[in-house]
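Spelled out, the chains give:
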Amino acid sequence: MDVFLQVLANGIMLGGLFAIVSVGLTLIFGIVKVVNFAHGEFLMIGMYLTYLAVTGLGMHPFAALILVVPVLFLMGALTQRLLIQPLLAAGDHHIQIFATVGLSTALINLALLVFGADIANTPPHGLRMPVEIGPVRVLVGQVVILGVAAALVGALQLFLARTRTGRAIRAVAQNRAAAELMGIDVDRLYALTFGIGAACVGTAAVLIAPLYPTSPNSGTYFVLIAFVVVVLGGLGSIRGAFAGAILIGLIDSFTGFYVSSDMREVAVFGVFLAILILRPSGLFGRQLRQSHVSP
Amino acid sequence: MLTLERVHAGYGATTILHEVSLAVGTGEVVTIIGANGAGKTTTLRTIAGLVRPTAGSITFEGQDVTGLTGHQMVDRGVTLIPEGRQLFPEMTVRENLLMGAYRRAARERQGETLDEVLALFPRVRERLDQNAGSLSGGEQQMVAIARGMMARPKLLMFDEPSLGLAPIVVAQVFEVVDRIVKTGATVLIVEQNVFHTLKVADRGYVLENGEIVLTDAAAALLDNDHVRRAYLGI
Ligand SMILES: Nc1ncnc2c1ncn2[C@@H]1O[C@H](COP(=O)(O)OP(=O)(O)OP(=O)(O)O)[C@@H](O)[C@H]1O
Ligand SMILES: [Mg+2]
């Protein structure tokens with residue numbers, strides 16, 4: 001029984017990790033309708049920045065938030081403004097895919113150039129210490145990630161539902177042409193949304209860096225799972241992404257323990273494919289609707 | 001209030017409007033008549049700042065507004081109630097109306113405006129907390145008009161407000177348009193029901209293949225042979 005609970009706890013912790021990486025991707029996809037293939041590289045850059053802040057400036061990893069989050073926000077907003085927006089204006093909605101894939105590759109190579117292929121380990125400052133919660137043991141840093149992921153989802157939902165800007169962001173997602181007629185500066189809101197999405201993954205980076213090694217390819221693994229989570233949750237649904245992340249975390253953890261650790265990805269992607277076929281709108285998406293984001 | 005001078009506009013490389021010149025005076029109700037694809041919607045979208053003129057000039061309240069963007073035109077006081085209603089389906093009616101008062105000047109008075117607008121649309125008041133997507137076509141059109149009025153526009157443009165509605169509902173929409181006109185609003189309207197619109201309007205323009213071919217007082221257009229044959233089916 002205790003083993004089962006431990007595996008369950010591991011799954012939930014892993015789910016929290018996937019959730020915090022996916023939230024920003026969901027937001028960007030749901031509103032701007034851009035699949036940001038460079039999302040993982042945003043994460044990787046955030047992790048390196050955290051590493052630099054902790055080792056170079058002697059900051060506590062959490063203090064690195066004040067540096068990493070604004071930098072990532074800017075990166076996101078500039079990506080939208082300087083890369084995606086001109087392409088959208090040119091009227092080609094497919095080329096953005098190549099653009100973000102290109103950006104992804106460029107960022108990986110930039111990281112190789114600057115940091116080399118070696119692994120950077122961010123000092124954990126106690127975040128790798130285990131805590132006992134009843135019969136299970138997890139890491140302090142994992143609990144923090146789960147808590148922040150949940151808080152981030154809640155905060156984003158409140159922002160979208162209650163604030164004027166949040167309402168305008170939803171309006172743009174539901175009907176871009178009408179939003180323009182309301183006097184909404186759509187390009188500005190797109191840049192803002194992209195920035196917020198990137199800031200979310202910046203937050204994730206700060207929390208992940210003390211637990212996982214950082215390398216130029218760090219983003220690749222996480223982002224693959226993030227795409228699964230986003231599709232599973234119902235494209236553009238933030239709450240759905242959170243639930244989808246926990247589900248994937250559980251599948252990963254249970255398969256790894258009860259079947260074989262080699263089978264984890266087989267199980268995750270098997271479930272992913274099954275859901276794509278049986279419920280293309282995602283587990284938590286209401287209908288096949290691509291033009292909205294639900295809070 | 002509004003003047004277009006020899007405006008050319010279109011999409012990408014295709015020019016749709018050729019040398020369109022028209023004017024709307026303060027308090028005037030003006031209509032544009034034309035067949036499908038003549039460029040009526042394009043004209044309204046150009047005025048609203050959603051399509052950039054490639055040549056010619058647009059003046060609004062004495063100022064050159066050529067090439068301003070959509071939100072800049074809303075700030076100037078120009079609002080378009082678009083063809084096909086274009087509500088935010090996953091938002092409540094109230095949220096839709098509040099989006100209408102998004103720009104600062106309108107927002108500062110949004111409570112007051114909301115009361116005024118709802119007085120004009122009692123049916124909309126009953127539906128305030130419902131999702132806009134769940135309303136009937138007629139109700140959606142009412143919300144679209146109410147949302148346009150939330151901006152407190154100086155110039156209100158309608159694009160086919162009766163399109164796709166049942167005859168009874170069409171009558172209700174016309175009634176609302178008539179009431180708005182009676183408040184002294186400045187209106188530019190495109191409407192497939194040419195007969196009704198010409199009776200409400202002061203003046204009209206006839207647009208064919210992106211060119212203005214005729215303009216006159218509305219009453220005169222009602223008697224014009226070409227208009228009667230081509231657009232009134234008489
Ligand atoms: N977004 C667009 N991109 C390219 N061409 C367009 C676009 N919108 C309209 N057109 C073309 O511009 C021309 C004029 O269209 P417009 O919608 O202005 O006509 P309309 O007079 O409003 O017609 P209707 O009575 O059908 O509403 C048409 O030939 C149409 O195909
Ligand atoms: Mg039209």
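Residues numbered from 1 in each chain as written. Chains lettered and ligands numbered in written order. Predicted model: local features only at pLDDT ≥ 70, side-chain atom pairs only at ≥ 80, totals over all residues. Heavy atoms only, no water.

A. Highlighting the confidence of the model for chain B. Per-residue pLDDT for chain B averages 94, and the proportion of residues at 70 or more is 100%. Confidence metrics for the complex model read pTM 0.90 and ipTM 0.89. (pLDDT = per-residue confidence, 0-100.)

B. The arrangement of empty space enclosed by the protein in detail. Residue and element names in this part refer to chain B. Summed over all chains, the structure comprises 5 cavities of 30 Å³ or more. Roughly 60 Å³ of volume is contained in the second largest cavity. Lining of the second largest cavity is provided by Val29, Pro161, Phe174, Val177, Val181, Val187, Ile189, Glu191, His196, Thr197 and Val200. Elements represented by at least two residues in the lining of the second largest cavity include exactly α8 (167-182), β8 (186-190) and α9 (194-200). Partitioning the lining of the second largest cavity into residue classes produces 8 nonpolar, 2 polar and 1 charged. (1 Å grid on protein atoms, 1.4 Å probe; cavity = no way out; pocket = protein on both sides within 12 Å on 5 of 7 lines; lining within 4 Å. Points joined across faces, edges and corners; volume = space filled by probe spheres on them. Helix = DSSP H or I, 4+ residues; strand = E, 2+ residues; numbered from the N terminus. Nonpolar A, V, L, I, M, F, W, Y, C, P; charged D, E, K, R; others polar.)

C. Fine view of the interface of chain B and chain A. Of the residues lining the interface, 20 residues belong to chain B; the matching set on chain A comes to 19 residues. Counting the surface lost from both chain B and chain A, the interface buries some 2,000 Å², and carbon and sulfur atoms represent 59% of this. It is Phe88, Glu90 and Tyr102 of chain B in chain B that bury the most area against chain A; as a group they hold 33% of the surface buried on that side. Counting across the chain B and chain A interface gives 1 salt bridge. The salt bridge involving Arg170 of chain A is made with Glu95 of chain B; its shortest N-O contact spans 2.7 Å. The tally of links from chain B across to chain A stands at 7 residue pairs in polar contact (both at pLDDT 80 or more). (Contact = heavy atoms within 4.5 Å. Buried area = accessible area lost by both parts, 1.4 Å probe. Salt bridge = Lys/Arg side-chain N within 4 Å of Asp/Glu carboxyl O. Polar contact = N/O pair within 3.5 Å; in protein donor to acceptor, adjacent residues only side chain to side chain.)

D. Inspection of the coordination of the magnesium ion (ligand 2) at higher detail. Residues and elements named next belong to chain B. Bound to the magnesium ion (ligand 2) on the protein side are Thr41 (OG1) and Glu83 (OE), at distances that span 1.9 to 2.6 Å. Placement of Thr41 in helix α1 (residues 40-47) and of Glu83 in the loop between β6 (78-81) and α3 (93-100) is noted, with a sequence separation of 42 residues between them. What makes Thr41 partly exposed here is its relative accessible area of 25%. (Donors = N, O, S within 2.8 Å, 3.2 Å for Na, K, Ca; no water. Buried < 20%, exposed > 50% of the residue type's maximum accessible area, 1.4 Å probe, protein only.)

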